[in-house]
Structure formats: C-alpha cells, structure tokens
Amino acid sequence: MEQLQPQTFASWNEPIEMLYACHSKVKRFCQQLQILPDYLEKNGINQAVKNDVQQILNYFNFSAPLHHDDEEKDFFPALIKRLPDVQSAVDKLEAQHIDLHQNWDSLSEQLTALLAGERETINRDLVARFVVGYEQHIAIEEPLFELGREHLEQENLQAMGKMMSNRRKVK
C-alpha cells in the first residue's frame, strides 16, 4: 500500500497545488475505502466507520465534482491553448470523469445504505473498480499538472485560481 504523504496546504493563488491537494484527499479516501470491507467483516459498523464513511460521501458528492469542474472548465482549456498536443489526453480524462462519477453513484448508494443501517457490507469489486479508476486517472492527469506548472503564465494561473475559488463561493 502506498505511503500517505503529509497533507500540504495550498491556496487558490496556487491552483495547480490545489489540484494536487484534491488528489491527495482522493488517495487517502481510496485507501480508507480499500480497507473498509475487511474492517466491516471483522468489526461491524461503529461510530468511527460512520464518521469515515460520512467524510468520504461528503468529499465525493461535493468536492470531487467541483475538482473535475476546475479541470474541465479552467485547467484543461488553458493547458490546451498553450499545448494543443495534450488534447487527446484531456479527451481521455474527461471520458474517465464520466466513468468515475458512474462508479461513485453505485458506491455511494451502498455507503449511504451502510450509514442508514440498511446493509452491513459493501461490494469489494465495486470498491476495487472505483479505486483503480482513480489510480489510472491520476496517473494520466498529474503529468499534465506538471506541464501546467512549466508552461502556464502566472496571470493565467491567478485567473484560474480565482475561477476555482468563485466556483466554491470562497471570498
């Protein structure tokens, strides 16, 4: 299992760092999801599980879609404008966003039912498909973040950070 990196703090003045920070959270929540089926089998549902599951639900229901909007509406267009050769990678990533959301819809139903006491386990294959989907996605996406660091101008990054911030109504 991958070692978790210390959480770093970024601001909207550094939008690429914010994109990386979101990926750090995705990785952490995916690790929690991977251990959840075994934990539930051994220990059942307790308050700690409920707290973790609620955090995971909150992140993937609200923050992850905003992150994908940040990429699709702000980062990808700016990067393509500067480096048109990344278009095929962006097309693949945007298609993956659709798959990631569909996998999440199925997984979130099970997690919500778990919190409601309507089920005691979650489907391992569904968790695995969700986690692998994000692992593959991040492997393609983070090299684009690096290209953004190298090729996007500071004014462009500042405007991007402002748009991302406004999307969340953070002033």
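Residues numbered from 1 in each chain as written. Predicted model: local features only at pLDDT ≥ 70, side-chain atom pairs only at ≥ 80, totals over all residues. Heavy atoms only, no water.

If you look the protein chain up in an unreviewed UniProt entry, it shows as Hemerythrin-like domain-containing protein from Nicoletella semolina.

Colleague: Can you help me understand the nonpolar core in this one?
Modeller: What tends to happen in soluble globular proteins is that the nonpolar side chains get buried as a cluster. With 26 residues, the main nonpolar core has Leu 36, Phe 60, Trp 104, Leu 107, Leu 111, Phe 130 and Tyr 134 as its most contacted residues. Breaking this core down by element, the ones donating at least two residues are helix 1 (15-43), helix 2 (47-82), helix 3 (87-115) and helix 4 (124-151). Those residues in contact with Leu 111 that sit more than four places away from it in its chain are Leu 33, Leu 36, Val 53, Ile 56, Leu 57, Trp 104 and Ile 122. Ranked by size, the runner-up nonpolar core spans 20 residues in total, among them Phe 76, Leu 83, Val 90 and Phe 145. (Core = buried A, V, L, I, M, F, W, Y, C linked by side-chain atoms within 4.5 Å. Buried < 20%, exposed > 50% of the residue type's maximum accessible area, 1.4 Å probe, protein only. Helix = DSSP H or I, 4+ residues; strand = E, 2+ residues; numbered from the N terminus. Contact = heavy atoms within 4.5 Å.)

Colleague: Is there a simple way to explain the UniProt feature "domain: Hemerythrin-like" (unreviewed entry) in the protein chain in this structure?
Modeller: In this structure's numbering, the residues bearing the UniProt feature "domain: Hemerythrin-like" (unreviewed entry) are residues 15-142. Its end C-alpha atoms 13 Å apart, residues 15-142 is made of 88% helix and 0% strand. (UniProt positions renumbered as here; feature names shortened; annotations may be inferred.)

Colleague: Help me understand the side chain of Asn 103 in this model?
Modeller: Along the chain, Asn 103 turns up in helix 3. Those residues within four positions of Asn 103 in sequence are excluded, and the remaining contacts are Leu 126, Arg 129 and Phe 130.

Colleague: Is there a simple way to explain the packing of helix 2 against helix 3 in this structure?
Modeller: Relative placement of two packed helices is described by the angle separating their axes and the distance separating the axes. Put simply, helix 2 and helix 3 touch, their axes get as near as 10 Å, and they point 165° apart. Between helix 2 and helix 3, the crossing angle belongs to the class labelled roughly antiparallel. Crossing angle aside, the handedness with which helix 2 passes helix 3 is left-handed. In terms of residue class, the contact of helix 2 with helix 3 is built from 14 nonpolar, eight polar and four charged. (Axes fitted to C-alpha atoms, helices over the stretch in contact; angles between N-to-C directions. Parallel < 35°, antiparallel > 145°, perpendicular 65-115°, else oblique. Left-handed = near helix turned anticlockwise from the far one by under 90°. Nonpolar A, V, L, I, M, F, W, Y, C, P; charged D, E, K, R; others polar.)

Colleague: What am I meant to see in the pattern of salt bridges here?
Modeller: If the charged atoms of two oppositely charged side chains come close together, the side chains can form a pair. Counted according to the given criterion, the structure contains nine salt bridges. A salt bridge links Lys 73 to Asp 69; its shortest N-O distance comes to 3.8 Å. Of this pair, Lys 73 and Asp 69 are both found in helix 2, four residues apart, which corresponds to roughly one turn of the helix. Assessed through its relative accessible area of 53%, Lys 73 is described here as exposed. The class for Asp 69 is partly exposed, based on a relative accessible area of 25%. (Salt bridge = Lys/Arg side-chain N within 4 Å of Asp/Glu carboxyl O.)

Colleague: Would you mind going over helix 1 with me for this structure?
Modeller: Note that an α-helix has 3.6 residues per turn; residues three or four places apart therefore point the same way. Compared with the 42 Å implied by 1.5 Å per residue over 29 residues, the 40 Å span of helix 1 between its first and last C-alpha is a close match. Along its length, helix 1 shows its largest kink, about 40°, at Leu 36, and proline Pro 37 lies within four residues downstream of that point. Downstream of helix 1 by one or two residues, Gly 44 has phi in the positive range, about 75°. (Expected span 1.5 Å × (residues − 1). Bend = angle between axes of the 7 residues up to and from the residue.)

Colleague: Any chance you could explain the side chain of His 67 here in plain terms?
Modeller: Along the polypeptide, His 67 turns up in helix 2. Beyond its immediate sequence surroundings of up to four residues, His 67 is in contact with Leu 19, Cys 22, His 23, Glu 141 and Arg 168.

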